[in-house]
Protein chains: 2
Amino acid sequence: MLMTFQEQAKEAIRATGGRITGQRELLLDLIATHDEIDAEHLHRIAHQQDPTISLPTVYRTLHTLEDAHVITSRYISAEHERKLYRVPAKQDSTFHFTCRRCGQVIPFHSDLIEQIKQEIAARIDIELWTLCMCAGGLCPNCREER
Amino acid sequence: MLMTFQEQAKEAIRATGGRITGQRELLLDLIATHDEIDAEHLHRIAHQQDPTISLPTVYRTLHTLEDAHVITSRYISAEHERKLYRVPAKQDSTFHFTCRRCGQVIPFHSDLIEQIKQEIAARIDIELWTLCMCAGGLCPNCREER
DNA sequence: CTATCTGCAAACTTTTTGCATTGTA
DNA sequence: TACAATGCAAAAAGTTTGCAGATAG
């Protein structure tokens, strides 16, 4: 009997004395249907369904969910532009190359990321919550043009 | 006959029609004597030697140097903090774990980083300028306390 | 002499906070 | 009916830009 992400999240919110509001339910539904999303984008699409929802509420909800370990966050661009939030299980070993000239983003999967996580865990006694890995440089096209 | 970092940098600046100003010479000297430094720190120490130097000049100089491939930049913490600049050769395979509770930064070296760089290069025909890897979670102390 | 650099002040982007009000449990 | 959560407006933090004046080559 699997709990949905939304149910798990609500459980986690209640567990710490938090309350389930309409805004939070809406945000949970939207997070569940997007692989990885930033606060501003989340606010934009939430706003279409509930025009009263504010950006501070989006940020506060994301922090609440992250503190409860219901979502994780990371940057995917070397410029650390917007922080992206996601359900932990999703695309854990995918990182991104961002072209510094045209801005193109190329996703990249590597098993070495899992190995690095294990290496960290083996060497320092930390609890790893997030690992962000961002590559930057010139993409094939821009490399050719210059 | 090895050129110093400063001489190389000046050469690179001149090569693109740039000019060698007192501010730029001072910044180059300071960058050369620090492993990895952020704009605000660089401005602070530069300001002690030349109180007229401004933060925009520091940023503009860092961008000029980065465009000329004389320095590289990266973030070392997964939180939206400061960008760090450095001479490319320095501590290339060191990344950092930042504790989300106490802020402690634990540097961490792994040969897997070089392997990942090679894996990227082998798979996509990119020119890799920077790779940032930021780990976050609980440090040994904070993990114990909660 | 002229294009590049500079400092200053102000703008910008993303994220956070104070506060009075609303709404959940 | 308490205490958590909300919206608004304003602040914060890091970085960038416009502009008029200074300066390298």
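Rules used throughout
Residues numbered from 1 in each chain as written. Chains lettered and ligands numbered in written order. Predicted model: local features only at pLDDT ≥ 70, side-chain atom pairs only at ≥ 80, totals over all residues. Heavy atoms only, no water. Pairing = 2+ DSSP bridges. Helix = DSSP H or I, 4+ residues; strand = E, 2+ residues; numbered from the N terminus. Near = heavy atom within 4 Å. Polar contact = N/O pair within 3.5 Å; in protein donor to acceptor, adjacent residues only side chain to side chain. Domains from an automatic or database assignment. Contact = heavy atoms within 4.5 Å. Buried area = accessible area lost by both parts, 1.4 Å probe. Salt bridge = Lys/Arg side-chain N within 4 Å of Asp/Glu carboxyl O. Nonpolar A, V, L, I, M, F, W, Y, C, P; charged D, E, K, R; others polar. Least-squares fit on C-alpha atoms with pLDDT ≥ 70 in both.

Remarks on the sheet that holds strand β1 (residues 37–38) of chain A
All names here are of chain A. Pairing is antiparallel across the open sheet formed by three strands, whose spatial order is β1-β3-β2. Across the chains shown, the open sheet's two edge strands, defined by having one partner strand only, are β1 and β2 (72–74). Where β1 and strand β3 (residues 84–86) come together, two bridges link them in antiparallel fashion. Residue pairing across strands places D38 opposite L84, the latter belonging to β3.

Notes on the protein's contact with DNA strand D
Around DNA strand D, the structure places 22 residues, and the nearest of them are R24(A), T52(A), T57(A), Y59(B) and H63(B). Each atom of DNA strand D within 4 Å of the protein belongs either to a base or to sugar and phosphate, the latter forming 74%. Take T21(A): an N or O atom from its side chain is 3.0 Å from a phosphate oxygen of DNA strand D. Separating a base nitrogen of DNA strand D from a side-chain N or O atom of R19(B) is a distance of 3.0 Å. Elements with a minimum of two residues in the surface near DNA strand D: α2 (22–32) and α4 (55–67) of chain A together with α4 (55–67) of chain B. Looking at the surface near DNA strand D element by element, the count peaks at five residues for α4(B).

Thoughts on the domain arrangement of chain A
One frequently used descriptor of interface size is the decrease in accessible area upon assembly of the parts. Residue and element names in this part refer to chain A. Segmenting chain A into domains produces domain 1 (1–90) and domain 2 (92–146). The distance between the C-alpha centroids of domain 1 and domain 2 comes to 23 Å. With 15 residues of domain 1 in contact, the opposing surface of domain 2 contributes 14 residues. Together, R74, I76 and A78 form the three largest contributors to the area buried by domain 1 at its contact with domain 2, with a combined 43%. Our enumeration of links across domain 1 and domain 2 arrives at one salt bridge. Between E79 and R100 there is a salt bridge, with its nearest N and O atoms 2.9 Å apart. Our count for the contact surface shared by domain 1 and domain 2 stands at four residue pairs in polar contact (both at pLDDT 80 or more). Of all the elements, β2 adds the most residues to the side of domain 1 that touches domain 2, at three residues. The residue inventory of the side of domain 1 that touches domain 2, partitioned by class, reads five nonpolar, five polar and five charged.

Re the relation of the copies chain B and chain A
Between the two copies, chain B and chain A, the superposition gives an RMSD of 0.3 Å; the rotation angle is 180° and the shift along the axis is 0.1 Å. What the rotation and shift describe, once combined, is the action of a two-fold rotation axis. When C-alpha distances to the rotation axis are compared across chain B, the minimum falls at M133(B), with a value of 2.1 Å. Here 98% of the contact residues of chain B are again contact residues in chain A; the copies associate through an equivalent surface.

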